[in-house]
Amino acid sequence: MLAGLELAVSNVNASGGINGRPLDLIVRDTAADPKKAEAAVDELAELNVVALAGEYHSVVARAVATRADALRVPFLCSSAVLDALIDQPTNWVARIAPVQSHGWRIYADFLLNAGHRRIAVASQSSLYWASGIRVLQDYFTTRGGTVVEFDLHSSGPANVCDELVNSRATALILLVGYPEPAVSIVKSVRRDQRLAQIMIGAPAGQPEFADWATLLGDDSVAIPFLRYRPERLSPFGTRVETALHERLVEAPSFVAFEGYDTITVLAHMLRSYGEDRTHIAESWPRVSVEGTRGQIQFSRMPNINVWQCGWPPIQVVDREPARPDRFRTLYVGEAAD
């Protein structure tokens, strides 16, 4: 995500900046810690930044959104999908990424279409994972399916295989941290002959990243996950993808595109509506700019308290068994306007 943010800032400044002045990106690492995130928002607000951008972790993004709303600093969230990004409607927060409930329902539909009526979920304690479990449970139970939950806090990764055998599930869904315990669980399941027919899934997208293939080797393949990008990028998206590949020295994930699009939107707003924080917060519904994965516009969606961007088609993909460095598309959900 940071690579996407930085590349976009570089391109903005190469094209004249913001009305002749360079755009500055001030970076603070939240370290996946809500308290550190709140402190970073306070510090950046004191530095008179005109807007906040970024964040990958949903629970941390929720802390950023809440604090940004309280301090009246515009926040464009790049990559966190938790539906409840903030508890009350606000004009100070908008989001590029799709909402979790939509994407995970697509993933549940993929599982059911693939014949998985009884799935097991290995989960850790987190608002994000709990929200994902609710989406899966609601979708499966209303369609005659069953979701069995393994709480890793009480059972631990080493016991997952035994519990999975006893559950009679045909798929194990990983709602756990990365790299651990996700990597250890995959290795254990793949080496257990009793579970040779079990499908492993990771809707949160851990298999997208290059380290996944490095850490797991042949075990990294055939683990479906959600990917937020169209099958084919536009010429603009392709140019950005090439530049990101050069910067990262590896293929960029969709998260890099979300970072790039975040700066693209904010630069457009600063050029069009000025640097006043209130004017920026009032301008979300007037945004219409070309992003790396399609046109970007913001609207109000039911039960979503922030200005929400529509999203590209949502794919379920995995790493090809014969070519772990390549992805294959297994299922495609609809886009949102």
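A few points on the structure. (Residues numbered from 1 in each chain as written. Predicted model: local features only at pLDDT ≥ 70, side-chain atom pairs only at ≥ 80, totals over all residues. Heavy atoms only, no water.)

Observations concerning the state of the cysteines
At step 1: Within the structure shown, the criterion is met by zero disulfides.
At step 2: Cysteine C309 remains unbridged, with the sulfur of C77 as its closest cysteine sulfur at 12 Å.
At step 3: Judged by its relative accessible area of 3%, C309 falls in the buried class. (Disulfide = S-S within 2.5 Å. Buried < 20%, exposed > 50% of the residue type's maximum accessible area, 1.4 Å probe, protein only.)

Some points on the sheet that holds strand β11 (residues 298-299)
At step 1: Read across the open sheet, the five strands follow the order β1-β2-β3-β12-β11; overall the sheet is mixed. Only two strands of the sheet have a single neighbouring strand rather than two, namely β1 (52-54) and β11.
At step 2: Note: strand β2 (residues 75-77) against strand β3 (residues 93-95), three bridges, orientation parallel. Paired with L76 across the bridge in β3 is A94. (Pairing = 2+ DSSP bridges. Helix = DSSP H or I, 4+ residues; strand = E, 2+ residues; numbered from the N terminus.)

Thoughts on the pattern of salt bridges
At step 1: All chains considered together, the criterion is met by 13 salt bridges.
At step 2: Two residues, D87 and R62, come together in a salt bridge whose shortest N-O distance is 2.7 Å. Residue D87 is located in the loop between β2 and β3, and its partner R62 is located in helix α3 (residues 58-71); the two are separated by 25 residues in the primary sequence.
At step 3: The class for R62 is buried, based on a relative accessible area of 18%.
At step 4: Overlapping salt bridges bring together D162, D192 and R194 as one network. (Salt bridge = Lys/Arg side-chain N within 4 Å of Asp/Glu carboxyl O.)

Re the pairing of strand β13 (residues 314-319)
At step 1: Of all six residues making up β13, six are buried, and the element is well covered by its neighbours.
At step 2: Burial along β13 is two-sided: I314, V316 and D318 facing one way and Q315, V317 and R319 facing the other are all buried.
At step 3: In the sheet, strand β8 (residues 225-228) pairs with β13 via four bridges, with the strands oriented antiparallel. For L226, the partnering residue across the bridge sits in β13 and is V316.

Looking at the pairing of strand β4 (residues 118-123)
At step 1: Within β4, five of the six residues are buried, which leaves it mostly tucked inside the rest of the structure.
At step 2: Summarising the sheet, β4 and strand β5 (residues 146-151) pair through six bridges and their orientation is parallel. Note on β5: the bridge partner recorded for A122 is F150.
At step 3: Regarding topology, helix α5 (residues 127-141) serves as the crossover connection from β4 to the parallel β5, and that connection is right-handed. (Right-handed = clockwise from strand over helix to strand, strands pointing away.)

A few points about the packing of helix α1 (residues 2-14) against helix α10 (residues 235-248)
At step 1: Where α1 contacts α10, the axes come no closer than 10 Å and their chain directions differ by 115 degrees. Our pair here, α1 against α10, has a crossing hand that is right-handed. Contact with α1, carried on its side by A3, G4, E6, L7 and S10, involves V240, A243, L244, R247 and L248 of α10 and no other residues of that element.
At step 2: For the contact of α1 with α10, the residue count by class is six nonpolar, two polar and two charged. (Axes fitted to C-alpha atoms, helices over the stretch in contact; angles between N-to-C directions. Left-handed = near helix turned anticlockwise from the far one by under 90°. Contact = heavy atoms within 4.5 Å. Nonpolar A, V, L, I, M, F, W, Y, C, P; charged D, E, K, R; others polar.)

Read these as layout, nothing more, since geometry by itself doesn't imply function.
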